[in-house]
Structures are given as structure tokens and as C-alpha cells.
Amino acid sequence: MQITRSTNETDAGPSEWFTGTVHMDTLANPEGRSRILALSVHFSPGARTAWHTHPNGQTIFVTEGVGVCRRIGGPIELIRPGDRVFFEPDEDHWHGATADRFMTHIAMVDVDEEGNPAIWGDQVSDDEYGAAPRAADL
């Protein structure tokens, strides 16, 4: 057994990757033979990722709040605590909080051979995001 004490500080989500206020806590970094990257990502109401893909796919597990996610060509889906979403390798998608609730998820990816976890694209427009359901409408 190995216990690693957290020495990482909470990072602000880069504006190239996110719209709104997002914070990230690193849970696991690729190290040695392991290629797993895991982050606890905290989205404020209205915050979301840009469109992006992952070379080896991504799993997100919602731990609190209410969020939304969408893959290209698909509907915007509501996600709640306990929901697990898998995005296929190279599937263009985005995810974030609803406009009226915070949302936290654990994001898990298997980085590629060069250590790249994601390829980032365009920001999700306010009009596109505005089509998302609100938690209060449920």
C-alpha cells in the first residue's frame, strides 16, 4: 500500500479550456507505467468546458450538484450525483454545471503515449449552452 499526501494546490481552470469559474484538484497523475490522470473538477453555475476530445476516451463521475453534457450531434443531457458518463475515444463533447447549480465530477482519462489527455476545440457558445435544461425546471 502507498499513501500519497496531497501537496497540490487547487488550480483555476484555464480560460482556453473553460467558460466560467472552474477549479481543479489533481487526484492522480500519470507516473511510471501508469497513464491515468484523474481530477476533481468543480464548476460554478453556468461554467462548462470547451468542445474537446480524448485520445483514449474519458469517464466522468458526478459527485455533487447538477450538470449537463453533450456529444457532437446529440442532445444535451442532465447529469446528477452518482451518474457516470463515458465519452468514446476522439468523441467531440463538452460538460459542465447547469446555469443554476454547482457541479463537481471526477474526470478520469488514460493519456496517450506522449502524455496528452485532451485535444481542445472551440468554446461552447452562450446560445448553444442556453439550450441546456436548468436544475430548477426538473
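Residues numbered from 1 in each chain as written. Predicted model: local features only at pLDDT ≥ 70, side-chain atom pairs only at ≥ 80, totals over all residues. Heavy atoms only, no water.

*Asks:* Just checking my understanding: could you explain the sheet that holds strand β3 (residues 22-28) for this structure?
*Replies:* Read across the sheet, six strands follow the order β1-β3-β4-β12-β7-β10 without closing on themselves; strand pairing throughout is antiparallel. Two strands bound the open sheet, and with one partner strand each, they are β1 (11-12) and β10 (84-87). Here strand β7 (residues 58-65) runs beside strand β12 (residues 103-110); their pairing, made up of seven bridges, is antiparallel. The residue bridging Ile60 from the neighbouring strand is Ala107, located in β12. (Pairing = 2+ DSSP bridges. Helix = DSSP H or I, 4+ residues; strand = E, 2+ residues; numbered from the N terminus.)

*Asks:* Help me understand the pattern of salt bridges in this model?
*Replies:* Opposite charge on two side chains lets them pair, provided their charged atoms get close. For the structure shown, the criterion picks out five salt bridges. Its salt-bridge partner being Arg35, residue Asp110 comes within 3.5 Å of it at the nearest N-O pair. Here Asp110 is found in strand β12, whereas its partner Arg35 is found in the loop between β3 and β4 (36-43), with 75 residues between them in sequence. Judged by relative accessible area, which is 29%, Arg35 ranks as partly exposed. Where Arg35 meets Glu113, a salt bridge forms, and the shortest distance between an N and an O atom there is 3.6 Å. Of the two residues, Arg35 is situated in the loop between β3 and β4 and Glu113 in the loop between β12 and β13 (119-120); the sequence distance between them amounts to 78 residues. For Glu113, a relative accessible area of 65% puts it in the exposed group. Linked by salt bridges that have partners in common, Arg35, Asp110 and Glu113 make up one network. (Salt bridge = Lys/Arg side-chain N within 4 Å of Asp/Glu carboxyl O. Buried < 20%, exposed > 50% of the residue type's maximum accessible area, 1.4 Å probe, protein only.)

*Asks:* For this particular structure, what's the right way to read the pairing of β3?
*Replies:* Note on strand geometry: in a regular strand, side chains alternate between the two faces of the sheet. One ladder, built from two bridges, connects β1 with β3; its direction is antiparallel. Bridge pairing links Asp11 to Met24 in β3. In this structure, β3 lies alongside β4, joined through six bridges in antiparallel fashion. When the sheet's bridge partners are listed, Asp25 is paired in β4 with Ser40.

*Asks:* Please clarify how the packing of aromatic side chains should be interpreted in this entry.
*Replies:* Note on aromatic pairs: each is described by the distance of the centres and the angle between the planes. In the structure shown here, the tally under the stated rule is five aromatic pairs. With centroids separated by 5.0 Å and ring planes inclined at 10°, the aromatic side chains of Trp17 and Trp120 adopt a geometry described as stacked. Residue Trp17 is located in the loop between β1 and β2 (18-19), and its partner Trp120 is located in strand β13; the two are separated by 103 residues in the primary sequence. Note on Trp94 and Tyr129: the rings are 6.0 Å apart at their centroids and 55° apart in plane angle, and the pair reads as tilted. On the criterion of sequence distance, the pair formed by Trp94 in strand β11 (residues 93-97) and Tyr129 in helix α1 (residues 126-130) is long-range, its members being 35 residues apart. Pairwise contacts between aromatic rings join Trp17, Phe18, Phe43 and Trp120 into one cluster. In this structure, Arg48 is placed above the aromatic ring of Tyr129, and the distance from its NZ or CZ to the ring centre is 4.3 Å. (Phe/Tyr/Trp six-rings, centres within 6.5 Å; stacked < 30°, edge-to-face > 60°. Lys NZ or Arg CZ within 6 Å of the ring centre and 35° of its normal.)

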